[in-house]
Amino acid sequence: MSTEFNERLPEPHDERAQIWIVGTREQVNHIISEMYVRQMITDRSQFSPMIPAPFANGRYMTLLLR
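The shown structure was predicted, so the numbers you read here are calculated from the model rather than taken from an experiment.

### Examining the sheet that holds strand S2 (residues 51-52)
Moving on, step 1. What the 3 strands build is an open sheet, ordered S1-S3-S2; its pairing is antiparallel. Of all the strands in the sheet, just strand S1 (18-23) and S2 have a single pairing partner and so form its edges.
Moving on, step 2. Relative to strand S3 (residues 60-65), S2 is paired through 2 bridges, and the arrangement is antiparallel. For Ile 51, the partnering residue across the bridge sits in S3 and is Met 61.
Moving on, step 3. In the packing of helix H2 (residues 25-37) onto the sheet, the strands contacted are S1 and S3, and the crossing angle to S1 comes to about 140 degrees.

Right under this line is the structure:
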């Protein structure tokens with residue numbers, strides 16, 4: 001991960017655990033929904049907004065800070 005991307009994270013990366021989801025838009029949405037249904041998260045808004053992955057064309061990513 002690049003330094004520029006680290007600077008965009010809302011909190012320092014060593015403060016809280018992170019779960020990264022990278023895949024197609026449909027895959028990322030499916031995993032978020034699955035985590036909600038399995039009650040691993042209480043609200044879909046716990047994830048960062050989905051953005052294009054800077055390191056993979058055609059892929060999107062989201063981040064969950066725990």
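### Comments concerning the packing of aromatic side chains
Aromatic rings in a pair are described by how distant their centres are and how their planes are angled relative to each other.
Moving on, step 1. Going through the model one piece at a time under the given rule, you end up with 0 aromatic pairs.
Moving on, step 2. The side chain of Arg 25 reaches across the aromatic face of Tyr 60, ending 4.4 Å from its centre.

Definitions and limits used
- Residues numbered from 1 in each chain as written.
- Predicted model: local features only at pLDDT ≥ 70, side-chain atom pairs only at ≥ 80, totals over all residues.
- Heavy atoms only, no water.
- Pairing = 2+ DSSP bridges.
- Helix = DSSP H or I, 4+ residues; strand = E, 2+ residues; numbered from the N terminus.
- Contact = heavy atoms within 4.5 Å.
- Axes fitted to C-alpha atoms, helices over the stretch in contact; angles between N-to-C directions.
- Phe/Tyr/Trp six-rings, centres within 6.5 Å; stacked < 30°, edge-to-face > 60°.
- Lys NZ or Arg CZ within 6 Å of the ring centre and 35° of its normal.

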